[in-house]
Amino acid sequence: MEPARQSPSYRQTKRNPVALVLRQYQQECVDAVLHYFMEGNKGNPLVATPCGTGKSLILAGMIAQFMRMFPGQRFLVVSHVKELLIQDYIKIVKYWPNAPVGMFSNGLNRRDTAHDVIVGGIQSIAKYPELFGWRDIFFCDESHLISPNADTMYQKTIAVLKTINPNMK
């Protein structure tokens, strides 16, 4: 049964007058990925959610929780279209207003590389993957586009990043 489409819920606090809150199924997704890593699994988890279930908010929740639990982690959030980049960036900032997040996209005229979290276009990142240095987790929004072919932008980028951190997920 598909979860009902609902707008994000919000919470109000003194420090943050309006902050996004994960729905139960979104938090369960975050917890499942965290549990996967905590159990010592060596592979790369895949999260598949139906359209309209808040994939960008799940991503934001994962990054925030991972960084709270494991300070110093560095992430790369990659997609192939600028609309998804903008959406992911906005959700990260709305969920975590002080997130150390930057954007790298020639099409959006942004070239941040030093932030702990970089949201970027694969077409731009693939030209200079070494600029991003050590990354612990590589999130791909629309991961079904990652071909097993070693000569693709995604695979070449991942290969360079894995030379910097062979344990990158």
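Thresholds applied
Residues numbered from 1 in each chain as written. Predicted model: local features only at pLDDT ≥ 70, side-chain atom pairs only at ≥ 80, totals over all residues. Heavy atoms only, no water. Core = buried A, V, L, I, M, F, W, Y, C linked by side-chain atoms within 4.5 Å. Buried < 20%, exposed > 50% of the residue type's maximum accessible area, 1.4 Å probe, protein only. Helix = DSSP H or I, 4+ residues; strand = E, 2+ residues; numbered from the N terminus. Contact = heavy atoms within 4.5 Å. Pairing = 2+ DSSP bridges. Phe/Tyr/Trp six-rings, centres within 6.5 Å; stacked < 30°, edge-to-face > 60°. Polar contact = N/O pair within 3.5 Å; in protein donor to acceptor, adjacent residues only side chain to side chain. Axes fitted to C-alpha atoms, helices over the stretch in contact; angles between N-to-C directions. Parallel < 35°, antiparallel > 145°, perpendicular 65-115°, else oblique. Left-handed = near helix turned anticlockwise from the far one by under 90°. Nonpolar A, V, L, I, M, F, W, Y, C, P; charged D, E, K, R; others polar.

Asks: What should I look at first to understand the nonpolar core in this one?
Replies: One recurring pattern in soluble globular proteins: nonpolar side chains tend to sit buried together. Of all hydrophobic cores here, the largest spans 26 residues; its most connected members are Met 62, Ile 63, Phe 75, Ile 92, Val 117 and Phe 139. Looking at this core, the elements with two or more residues in it are α1 (24–38), α2 (55–69), β3 (75–79), α3 (82–95), β6 (117–121) and β7 (137–140). Of all the elements, α2 adds the most residues to this core, at nine residues. Not counting residues within four places of it along the chain, the set of residues in contact with Phe 139 comprises Leu 59, Met 62, Ile 63, Phe 75, Leu 76, Val 77 and Val 78. Val 78, Ile 122, Tyr 154 and Leu 161 belong to the second-largest nonpolar core, a separate cluster that totals 13 residues.

Asks: I tried to follow unusual backbone geometry on my own but got confused; where do I start?
Replies: Glycine aside, the phi torsion of most residues is negative, and most peptide linkages are trans. If you check the backbone angles, Asn 109 has positive phi at about 60° while not being a glycine. As for its position among the elements, Asn 109 is in the loop between β4 (101–105) and β5 (110–111). Asn 109 sits in the exposed class, given a relative accessible area of 57%. Phi at Glu 142 is positive, roughly 85°, even though this residue is not glycine. Structurally, the position occupied by Glu 142 is in the loop between β7 and α5 (153–164). Judged by relative accessible area, Glu 142 falls into the partly exposed class, the value being 24%.

Asks: Looking at this structure, how should I read the pairing of β7?
Replies: Two faces, one strand: in a regular strand the side chains alternate between the faces of the sheet. Judged by which residues are buried, β7 turns out to be covered on both faces: Ile 137 and Phe 139 on one side and Phe 138 and Cys 140 on the other are all buried. The pairing of β3 with β7 spans four bridges and is classified as parallel. Among the inter-strand pairings, Leu 76 is bridged to a residue of β7, identified as Phe 138.

Asks: Would you mind going over the packing of aromatic side chains with me for this structure?
Replies: Think of a pair of aromatic rings as described by two things: how far the centres are apart, and how the planes are tilted against each other in angle. Inspection of every chain in the model, using the stated rule, returns five aromatic pairs. Between Phe 37 and Phe 66, the ring centres sit 6.0 Å apart and the planes meet at 75°, which makes this aromatic pair edge-to-face. Remark: Phe 66 occurs in helix α2 and Phe 37 occurs in helix α1; sequence separation between them is 29 residues. According to the relative accessible area criterion, Phe 37 is partly exposed, its value standing at 23%. On the numbers, 5.9 Å between centres and 15° between planes, the contact of Phe 75 with Phe 139 is stacked. Of this pair, Phe 75 sits in strand β3 while Phe 139 sits in strand β7, placing them 64 residues apart in sequence. Judged by its relative accessible area of 14%, Phe 139 is buried. An aromatic cluster is built from Tyr 36, Phe 37, Phe 66, Phe 75 and Phe 139, whose rings are joined through pairwise contacts.

Asks: It is not clear to me how the environment of Ile 158 should be interpreted in this structure. Could you clarify?
Replies: Considering the arrangement of structural elements, one finds Ile 158 in helix α5. Here the alpha-carbon distance between Ile 158 and Pro 129, two residues 29 residues apart in the chain, equals 8.3 Å. The residues touching Ile 158, leaving out its near neighbours within four places in the chain, are Phe 138 and Met 168.

Asks: Mind showing me how you'd approach the side chain of Asp 112 here?
Replies: Here Asp 112 lies in the loop between β5 and β6. Side-chain polar atoms of Asp 112 contact the side chain of Arg 110, separated by 2.6 Å. With residues up to four places along the chain from it excluded, the contact list for Asp 112 reads Gly 102, Met 103, Phe 104, Ile 118 and Phe 132.

Asks: Before we go on, may I ask you to explain the packing of α2 against α3 in this structure?
Replies: Interhelical geometry of α2 versus α3 gives an angle of 50° and a closest axis separation of 8 Å. Taken together, α2 and α3 sit at an angle that is classed as oblique. Considering how the two elements wind past one another, α2 and α3 form a crossing that is right-handed. From α2, Ser 56, Leu 57, Leu 59, Ala 60, Gly 61, Ile 63 and Ala 64 reach across to α3, where they touch Gln 87, Asp 88, Lys 91, Ile 92 and Tyr 95. Considered class by class, the residues forming the contact of α2 with α3 number seven nonpolar, three polar and two charged.

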